[in-house]
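Geometric and topological summary
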Amino acid sequence: MLQGQIPIDEYKTGNTKHTWNLKKLRFAHRVLFDYNYKKQEVQKGYANRTLYIDLSKKEIKEKKVTEEMKNKFTGGRGFGLKLLWDSITSETRWDSVENNLVITTGPLCGITQYPGTGKSLCLTVSPATNIICDCNVGGFVGPYLKFAGFDALEIQGKAKDDVIIFIDGENGKITVEIAPLEETNTHLLTEQLTYMYASEDNDRSRQKVAVVTSGKGAEHSWWGCLNFSFYDIRRKVARVKQAGRGGLGTVFRDKRIKAIVVKVEKVHGLLNNPADPETLVKVGTKLHREIRDLDKYQCNMRAVGTGHLVEIMDAYDLLPCENYRFGSFPKAPKIYSTKFYELFTKIIPDGCWFGCTMACSKTVDGYMVKTGPYKGQKVTVDGPEYETIAACSNMSIWDPLWILEYNFYCDTYGIDTISTGTALAFYMEMYEYGILNKNRCDGLELCFGNAEAVLEFIHKIARGEKGEFINVASKGIRRVKDWLIEKGWGDEKLIEDTGMESKGLEYSEYVTKESLAMQGGYGLTLKGPQHDEAWLIFMDMVNNAIPTFEDKAEALHYFPMWRTWFGLNGLCKLPWNDIEPANNAETDEPTKVPEHVQNYVELFNAVTGKKVDKKELILQSERCYNWQRAMNVWMGRGRRKDDWIPYRSMGPVTEMEYISRKDRYDKQLIEKQGFNKEQIDKMSVKEKMKILYDYRQDQYQKLADAVYYRRGWTPNGVPTPQKMRQLGMDDPRMLKMLQEKIDEDEKAGLNVWGGKYGKGEKPPSIHPRYWEKW
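I will try to describe carefully the structure that is included in this document. The model shown is predicted, which means the values in this text are computed figures rather than measured ones. Sequence positions are assigned chain by chain, starting from 1 and proceeding in written order. Owing to the predicted nature of the model, reporting of local features is limited to residues with pLDDT of at least 70; listing and counting of side-chain atom pairs is limited to 80 or more, with chain, interface and lining totals taken over all residues. Processing note: side-chain calculations cover all non-hydrogen atoms of the structure and skip hydrogens and water entirely.

Looking at the overall build of the chain
- Labels follow the DSSP assignment, with helices taken as runs of H or I lasting at least four residues and strands as runs of E lasting at least two, numbered in each case from the N terminus. Per the secondary structure count, the chain includes 31 helices and 17 strands.
- A compact globule built from 774 residues would reach a C-alpha radius of gyration of about 28 Å, and the chain, at 25 Å, matches this within 12%.
- Taking the principal axes of its C-alpha atoms as reference, the chain extends roughly 80 × 60 × 55 Å.
- Considering only contacts within the chain whose residues lie at least 6 apart along the sequence, 72% involve residues at least 24 apart.
- If you sum the accessible surface of the chain, you get close to 28400 Å²; carbon and sulfur atoms cover 49% of it.
- Taking the average place of the 110 positive charges on the side chains of the chain and the average place of its 106 negative ones, the gap between the two points comes to 2 Å. Atoms counted for the radius of gyration: C-alpha only. Globule rule: 2.2 Å times residue count to the power 0.38. The contact criterion used is simple: two residues touch if any of their non-hydrogen atoms lie within 4.5 Å. All accessible-area figures derive from a Shrake-Rupley calculation using a 1.4 Å probe, and residue coverage is judged against the displayed protein chains alone. For the purpose of counting charges, residues Lys and Arg are taken to be positive, whereas Asp and Glu are taken to be negative. His and the chain ends are not included. Every charge is mapped to an atom, namely NZ of Lys, CZ of Arg, CG of Asp or CD of Glu.

The structure is reproduced here in structure tokens:
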């Protein structure tokens, strides 16, 4: 025990105690169907089989993981894509019976010798985007699923009643049980099931149970998230982490799944049966020491979690404020990490999987709820993390306690804090302009900063209220845009430019106006504007390290591939570059953190017994990344038009925004557009905004040209059969589909570059159908 820590037995959260009649709850269960399986050990990181459940047909079966599947798809997100390709059609939508909800692990998932190795990957067809959405999430479920015997769980069909899927790794049995009496909201349901399914009535047994839940909010919105639990033996609380983006929880509840419970027989550091355990210890020990010695000087995440980003983003004009209009705000210091540090429980080590020295998963224990059905109760709030805090700055909420309230209810109702906050910020801006008003918002005064209205909006969703606004608004920005335009309320261009969504998914919480590369990092992504593919703002905007289109395209090739790799293996990204070796700045490529890349090469080889190098790690990702883009094309959402982004993410939409950064924008018109100061001074703000608008739109199209070319895609953004073959992805059905789409584009005249190239400029290639020469 470290100095300052409290002995486990002495710590009390102060939370409200619940008394559950677990026998009555369990007695009401009725087993719909079950399946016995032979227990077997994980070998070199793989369980070598996946689990398939069809809720409609009441079918459970095992699927073998072949060596070819490992070589082409590696694991994790790759396995999820393969299983989806084999099970859905191009017409499958989120609520189709055949839609498949997949939870996967990865060969490195569950090792305890290296920090950040407990991630699950979740994939399904998203209600927000109608394409595949992938999310990673901490907690114990992914590792336990593998240790129970499976590299992935896929669920098709729909149950007629609320069910619990119980994977009993202790006894080798799977049951699907009708569960009518349990709670639905996460913080209560997770507690009930953790106690109910533990083999014995003690903390060690409860620690061997992990639960997936969602909540009432997921039933009535398209922002449903999945909560993955881990029993915190120190607090004696079942805590949760979120697979937040894209409405996975909505699919979960549409299938009438109340919970998935996984129980294991044992937990220790060698359950993956790695090929070389000594190397795992050696590499892991090195990073543990780095984190221990350097984190407090670099990010201080062991103390304050990801919330440390708030003050950094505010300082660099990147913190979203009032629907991304501004990147900093005078009230922002009220929500700096120091304010939450005062509220966090500080004397107990944190972390959402064993062996993570980073331990960034913070909590506030004994928080008294202000509103809604749990008003007056004391609860543990997991977080808030940066994105949740910034979602609140985007709504102009600057009180840490209201942020905790928002965090708690989003989690327990099973809705995504990011999409909900970004959408509400847009609705608030529309309210400010009079496009929305109290009458049109079902009685809500959605003004910036009205935290009580925000919580009431969330409660209305959870209660399933049927007002016209609640019904549309709970399906996200894209549907509200269409609704406002259809009603004839407001200027269509203003609505399209200010609603921060792309592909139907709400933006995560960074201002990108001054970073073209980061605009691509949001727009040229597979699932929509989520920063987990690439975060290039500092490289681009602050350090000017990638000045040309080719430089930015190279970054938008490498970093999405590299970050994809974490998802293939069940790893957290944070230990890669949120902590850096002391001499990292002296290396040739400090942004890639070469020493840590080498760590991952050694980890992969030590677990799997293979002998790969860092180039092969990128190739593993490139195979799956291109496969996912090809699936987007197949589902009708993978062309240039689908990579559109709203202008608010490129530049100032309103005169107020331009004036707030007038010196910066005027300077750019002089330096980038060739105007002189006298000309600028004579222009109206509106004239200057129009010039900037045309310039930045063209810059984005030129960036897309460069990125498509670097990734080996056509000028309309379609992966080519030639590129797929180069990567060893030779599925005939996939290759035939891609060739047909490319031929369709050719007939429609769409295989052309999108940028306007003037004197001294040139597109990435002057050769038509250049990809055919590869």
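Quick look at the nonpolar core
- What is meant by a nonpolar core is a set of buried Ala, Val, Leu, Ile, Met, Phe, Trp, Tyr and Cys residues, joined one to another through side-chain atoms within 4.5 Å. The buried label applies to any residue whose accessible area, calculated with a 1.4 Å probe on protein chains only, is under 20% of its type's maximum; exposed applies above 50%, and partly exposed to all values in between. One finds Y427 and F457 to be the most contacted residues of the largest nonpolar core, which totals 181 residues.
- The element contributing the most residues to this core is helix α22 (residues 549–569), with eleven residues.
- Here Y427 is in contact with W223, L436, L446, F457, F469, A473, G476, I477 and V480, once residues within four sequence places are set aside.
- Core analysis: the next-biggest nonpolar cluster, separate from the first, contains 45 residues, I60, V141, C352 and W353 among them.

Observations concerning empty space enclosed by the protein
- Lining residues are those with an atom within 4 Å of a point, where the points come from a 1 Å grid over the protein atoms alone and group into cavities, where a 1.4 Å probe fits but cannot get out, or pockets, open sets with protein on both sides within 12 Å along at least five of seven lines. Grid points are joined across faces, edges and corners, and a volume is the space filled by probe spheres set on the points. Under the counting rule described, the total for this entry stands at two cavities of 30 Å³ or more.
- Roughly 40 Å³ of internal volume is contained in the largest cavity.
- Considering the residues around the largest cavity, the lining is formed by D317, L318, V511, T512, K513, E514, M541, R661 and R664.
- Estimates place the volume of the second largest cavity at around 30 Å³.
- Looking at the second largest cavity, the residues that line it are V304, G305, T306, G307, F344, C360, K362, G383, P384 and E385.
- Gly is placed with the polar residues, together with every amino acid not listed as nonpolar (Ala, Val, Leu, Ile, Met, Phe, Trp, Tyr, Cys and Pro) or charged (Asp, Glu, Lys and Arg). Residue composition of the lining of the second largest cavity, grouped by class: four nonpolar, four polar and two charged.

Quick notes on the sheet that holds strand β13 (residues 257–263)
- At least two bridges found by DSSP between two strands is the condition for calling them paired. Across the sheet, seven strands lie side by side as β1-β9-β8-β13-β10-β11-β12; this open sheet has mixed pairing. The two strands at the open ends of the sheet, each matched to only one other strand, are β1 (30–36) and β12 (237–243). Strand-to-strand, the axes of this sheet are offset by a mean angle of 20 degrees, without reference to chain direction.
- As defined by bridge partners, strand β10 (residues 209–213) adjoins β13 across four bridges and the pair is classed as antiparallel. By the bridge assignment, V212 is partnered in β13 with I260. Helix axes are fitted to C-alpha atoms over the stretch in contact, other axes to C-alpha atoms as well, and angles between N-to-C directions run from 0 to 180 degrees.

Description of the sheet that holds strand β3 (residues 59–64)
- The strand order across the open sheet built from six strands is β3-β2-β7-β4-β5-β6, with neighbouring strands paired in mixed fashion. Two strands lie at the open edges of the sheet, namely β3 and β6 (132–137), each paired on one side alone. Between one strand axis and the next, the sheet turns by 15 degrees as a mean value, whatever way the strands run.
- Across six bridges, the pairing between strand β5 (residues 120–125) and β6 is antiparallel. What sits directly across from S120, in β6, is V137.

Here's the deal with the pairing of β10
- A large share of β10 lies buried, amounting to five of its five residues.
- The side-chain alternation of β10 yields two buried faces, one formed by V209, V211 and T213 and the other by A210 and V212.
- Pairing of β10 with strand β11 (residues 226–232) involves two bridges; the strand directions are antiparallel. The partner of V212 across the bridge, within β11, is F228.

So, the pairing of strand β9 (residues 173–178)
- Along β9, five of the six residues are buried, which leaves the element largely enclosed by surrounding structure.
- Where β1 and β9 come together, six bridges link them in antiparallel fashion. Bridge assignment links D34 to a residue of β9, and that residue is T175.
- Where strand β8 (residues 163–168) meets β9, six bridges bridge the pair, whose relative direction is antiparallel. Considered in β9, the bridge of I167 is made with I174.

A few points about helix α31 (residues 732–747)
- Under the convention used throughout, the expected extent of a helix is 1.5 Å for every residue step, that is, one less than its residue count. If you check α31, its first and last C-alpha atoms are 23 Å apart, about what 16 residues at 1.5 Å a residue would give, namely 22 Å.
- Where α31 is buried, its residues contact α3 (77–87), α25 (614–634) and α30 (721–726).
- As used in this structure description, the phrase polar contact means that two N or O atoms lie within 3.5 Å; if the pair is within protein, one of them must be able to donate a hydrogen and the other to accept it, and residues adjacent in sequence are counted only when both atoms belong to side chains. Put simply, D731 is the residue that caps the front of α31, since its side-chain oxygen is 3.0 Å from the backbone nitrogen of R733.
- Phi turns positive, to about 70 degrees, at G749, one or two residues after α31.

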